[in-house]
Amino acid sequence: MDFRLSEEHEMIRKMVRDFAEKEVAPSAAERDEEERFDRGIFEQMAELGLTGIPWPEEYGGIGSDFLAYVIAVEELSRVCASTGVTLSAHLSLASWPIYKFGTEEQKQKYLKPLAQGKKIGAYCLTESGSGSDAGAMKTTAKKEGDHYVLNGSKIFITNGGVAEIYIVFALTDPERKHKGVSAFIVEKDFPGFKVGKKESKLGIRSSPTTEIIFEDCIVPAENLLGEEGQGFKIAMMTLDGGRNGIAAQAVGIAQGALDAAVAYAKERHQFGKPIIANQGISFKLADMATAVEAARLLTYQAAWLESNGLPYGKASAMAKLFAGDTAMKVTTEAVQIFGGYGYTKEYPVERFMRDAKITQIYEGTQEIQRLVISRML
Amino acid sequence: MNFTEEQRMLQRMVREFAEKEIAPFVPEMEKGAFPREVLRKMGSLGLMGIPIPEKYGGAGMDFISYILAIHEISKVSAALGVILSVHTSVGTYPILAFGTEEQRQKYVPKLARGEYLAAFCLTEADAGSDAKAIRTRAVRDGDHYVINGGKIFITNGGEADLYILFAKTDPGLGKDGITAFIVEKGAPGFIVGKDEKKMGLNGSRTVSLIFENMKVPAANRLGGEGEGFRIAMANLNAGRIGIAAQALGIAEAAFEKAAAYAKTRHQFGRPIAAQQGIAFKLADMETKIEAARLLVYRAANLYAEGLPCVKEASMAKLFASQTAVETATEAVQIFGGYGYTKDYPAERYFRDAKVTEIYEGTSEIQRNVIAKWLMKGK
């Protein structure tokens, strides 16, 4: 086992880190305070090729792999978790299913602009009555000649409102329950598509999260993704990869918090010495650093498996579970290490702590990850 | 825990008050509004001077009743809990315990009735955990002191009428060179600096203070020169138990809301509380809260009886604050995606809980205190 990253991967890390520090970090606190999404940042990511990292050039990507993508999400999240999830939802959740299940036409029509970052993607699965129990969804899609008519609503949609392309899961055959779910590629300006309420959140506040409402929404039949009844399987397989993205986001958040805490602990003096000279602080930092390292390795392993066409369901669930818990612990301790200052908005660690929490919840709660893992044992 | 009938009556009264008068104002507080009107109502009900003797205008109740009040108020608003705790534990008590009769008569009744709000000014930019490293300087000049320097993270700062201030009268003497003062708002040279924007405890105002040749009458010195550090430390017990009660209130509120949600939210055909993953979480949360409650009231009881309680107060603060953070974090988890939105209360408990591990002595300082007693063989 060679644990070293290739030169290509190191280059991507450096490129994204420089971009993140120069173009994303300076506005992160303000965008969080204002709950403001900045499309300009997304467009800059597109220029760097980040919006289509793993896709072949024929589909507008740069022909790299999932490990490179995960590194990019990690580096972005290190300064701004909102930017990390904007990319992750766009790529893992919206682009991947088209790459995997789309027809050649659908790939040219939709994957390409997503890969090039000309359009933003989103993924609509969750409803008010179906979160963890995704199969209990109620949104319907009735076939009528050359199109489907969608009715229902989805909640907690990342990139909601700013995305142009939405992967939507709806029941084409309600009698068959989750076996009757189909996947659709829906464009924002299809008739009957409405962006509903925007959530005001604890964290990742510059990533817009909205309700999406379908009122007799007309979707052309050729926008069916995969086959009728295949939707649930597509949704679940998509989440397997999405988990890697969130694990990477969590690793990034944790690393950002760790870096800040170490720097502060070395320069803050009390009782005549830097606070890191106290075992109470240095041991904490040691534990934090160890956990972040372990989380990163789990995440890279899952990405490597995916890149190499090997099964990665258990690995990605483990990565997401461990990285999410690590992010929560590390950021909470980082605020502690900063003392009173850590509790103010003048320092970034309270934002990191607020951002970390969501990584334990979305794209499959920690409880769901445990179910997934235990079923594979 | 055996509370007296009188204590239970106060607890009930405060709980009702909190639900009727405080809860509706919480959304405003979340937007940054200071609860002036609520504090006025609390004053008229005697809640701003619960443990203060009647002869000084207080309700003359015991320390446990006061802690019960902070606990109940904090379940509804942690911000209001700390406003009260700082006002009484470290704002009023020092004057009661160390003031001259004249100072007591002049200030305590107004504080006890809530006509005056108090604040406690110790922390500086370079003196947090290392409190004795403060640099604010007080120089005697005839019948007053001239004070220069600044303080940060002052709860109730800017709103308070009275500030218990700690400054160095003799920089050469370390902690024995610190003196306490009672500073009234409006003292010449007293400047309210910036308001901190915080993660939580919205509605509780936290400011910097700047003293530019501030003149304070010598009659407002609290205790003798050089006694300041002792005065600051003496009031820490009451302060720590107060914060422990605040943390307990946050933890209980988070737990109760999460448990109620878990029973009504259905997924996979049954309430999520029926899943062991969630049920076990709730069991652990409730157990820790019970342990925290016992630690808090044991410390409060010792304090009420005038018995030593430094270690017990530290343990209560350490454990209750940790419990608040853990419980609030799990509460958001149990609420799932909804818990992450501002439509549900869990995220507020999450943001409020964290500070209880930091102020009035970080958890690391509490561990130091407890360990010191361990070393003494006690």
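Remember, it's a predicted structure, so these values are computed and weren't measured experimentally.

Caption draft 1: Spotlight on the overall build of chain B. Secondary structure assignment for chain B yields 13 helices and 10 strands. Relative to the 2.2 N^0.38 estimate, which gives 21 Å for 378 residues, the radius of gyration of chain B is 21 Å and therefore close to what a compact globule would have. Along the first, second and third principal axes, the C-alpha set of chain B runs to 80 × 50 × 40 Å. Per-residue burial for chain B yields a buried fraction of 60% across its 378 residues. Just so you have it, chain B exposes about 14,500 Å², and 53% of that area is on carbon and sulfur atoms.

Caption draft 2: Expanded view of the overall build of chain A. Broken down by element type, chain A carries 11 helices and 10 strands. A globule of 377 residues ought to have a C-alpha radius of gyration of about 21 Å, and chain A, at 21 Å, matches this closely. In terms of overall dimensions, chain A has C-alpha extents of about 80 × 45 × 40 Å along its principal axes. Within chain A, buried positions represent 59% of all 377 residues. Split by element, the accessible area of chain A, about 14,400 Å² in all, is 53% carbon and sulfur. Looking at chain A, you have 44 positive and 51 negative side-chain charges, and the mean spots of the two groups are 4 Å apart.

Caption draft 3: View of a negative patch on the surface. Together, E58, E104, E105, D146 and E222 of chain A make up a negatively charged patch on the protein surface. Position of E58 of chain A relative to the elements: it lies in the loop between helix 2 (39-47) and helix 3 (66-79).

Caption draft 4: Inspection of the UniProt feature "domain: Acyl-CoA dehydrogenase/oxidase C-terminal" (unreviewed entry) in chain A at higher detail. Under the present numbering, the feature "domain: Acyl-CoA dehydrogenase/oxidase C-terminal" (unreviewed entry) in UniProt falls on residues 229-376 of chain A. Taken end to end, residues 229-376 of chain A is 78% helix and 3% strand, and its two terminal C-alpha atoms sit 24 Å from one another.

Caption draft 5: Region of the structure containing the pairing of strand 5 (residues 178-184) of chain B. Residue and element names in this part refer to chain B. Counting buried positions over the seven residues of strand 5 gives six, a clear majority of the element. Here strand 4 (residues 162-168) runs beside strand 5; their pairing, made up of seven bridges, is antiparallel. Within the sheet, the bridge partner assigned to A167 lies in strand 5 and is T179. The pairing of strand 5 with strand 8 (residues 221-222) spans two bridges and is antiparallel. Within strand 8, the position partnered with F181 by the bridge is R221.

Caption draft 6: Just the nonpolar core, in detail. With 230 residues, the main nonpolar core has L150, F169 and V186 of chain A together with M42, I67 and F166 of chain B as its most contacted residues. Setting aside residues up to four positions removed in sequence, F166 of chain B forms contacts with F120, C121, L122, I134, T136, K151, I178, T179, A180, G228, I231 and A232 of chain B. By size, the runner-up hydrophobic cluster in this structure holds 20 residues, among which are L165, A187, L209 and A218 of chain B.

Caption draft 7: Quick look at the pattern of salt bridges. Here the structure, examined in full by the defined rule, presents 57 salt bridges over all chains. Between D195 of chain B and R205 of chain B there is a salt bridge, with its nearest N and O atoms 3.0 Å apart. Taken together, the residues span a long stretch of sequence, with D195 of chain B in strand 6 (residues 190-195) and R205 of chain B in the loop between strand 6 and strand 7 (206-217) at a distance of 10 residues. On the basis of relative accessibility, which here comes to 38%, the residue D195 of chain B falls in the partly exposed class. One salt bridge connects R293 of chain B with E290 of chain B, and the closest N-O pair in it is separated by 2.3 Å. Of the two residues, R293 of chain B and E290 of chain B are both situated in helix 9 (residues 276-304); the distance of three residues between them amounts to about one turn of the helix. The exposure class of E290 of chain B is partly exposed, given its relative accessible area of 34%. Taken together, the salt bridges that share partners define one network made up of R13, R17, E74, E75, E293 and R296 of chain A.

Caption draft 8: Seen up close, helix 6 (residues 231-267) of chain A. Residue and element names in this part refer to chain A. Its 37 residues place the ends of helix 6 54 Å apart at the C-alpha level, agreeing with the 54 Å of an ideal helix rising 1.5 Å per residue. A bend of about 25 degrees at D240 is the largest found in helix 6. In terms of burial, helix 6 is largely enclosed, as 27 of its 37 residues are buried.

Caption draft 9: Broad picture of empty space enclosed by the protein. Counting across every chain of the model gives two cavities of 30 Å³ or more. In this structure, the largest cavity encloses a volume near 60 Å³. Of all the secondary structure elements, the ones that give two or more residues to the lining of the largest cavity are helix 2 and helix 4 (81-101) of chain A. For the lining of the largest cavity, the class distribution of residues is four nonpolar, four polar and two charged. What the second largest cavity holds in volume is close to 40 Å³. Residue lining of the second largest cavity: V26, M29, E30, S77, A79, L201, N202, R348 and D352 of chain B, and that is the complete set. Of all elements in the fold, only helix 2 (26-30) and helix 12 (346-353) of chain B reach the threshold of two or more residues within the lining of the second largest cavity. If you tally residues by element for the lining of the second largest cavity, the top one is helix 2 of chain B, at three residues. Here the lining of the second largest cavity is built from residues that sort into four nonpolar, two polar and three charged.

About the criteria used
- Residues numbered from 1 in each chain as written.
- Chains lettered and ligands numbered in written order.
- Predicted model: local features only at pLDDT ≥ 70, side-chain atom pairs only at ≥ 80, totals over all residues.
- Heavy atoms only, no water.
- Helix = DSSP H or I, 4+ residues; strand = E, 2+ residues; numbered from the N terminus.
- Rg over C-alpha atoms; globule rule 2.2 N^0.38 Å.
- Buried < 20%, exposed > 50% of the residue type's maximum accessible area, 1.4 Å probe, protein only.
- Areas by Shrake-Rupley, 256 points an atom, 1.4 Å probe, with all protein chains shown as cover.
- Lys, Arg positive; Asp, Glu negative; His and termini not counted.
- Charge placed at Lys NZ, Arg CZ, Asp CG, Glu CD.
- Patch = residues over 30% accessible without salt bridge, like charges linked within 9 Å, V, L, I, M, F, W, Y side chains within 5 Å.
- Salt bridge = Lys/Arg side-chain N within 4 Å of Asp/Glu carboxyl O.
- UniProt positions renumbered as here; feature names shortened; annotations may be inferred.
- Pairing = 2+ DSSP bridges.
- Core = buried A, V, L, I, M, F, W, Y, C linked by side-chain atoms within 4.5 Å.
- Contact = heavy atoms within 4.5 Å.
- Expected span 1.5 Å × (residues − 1).
- Bend = angle between axes of the 7 residues up to and from the residue.
- 1 Å grid on protein atoms, 1.4 Å probe; cavity = no way out; pocket = protein on both sides within 12 Å on 5 of 7 lines; lining within 4 Å.
- Points joined across faces, edges and corners; volume = space filled by probe spheres on them.
- Nonpolar A, V, L, I, M, F, W, Y, C, P; charged D, E, K, R; others polar.

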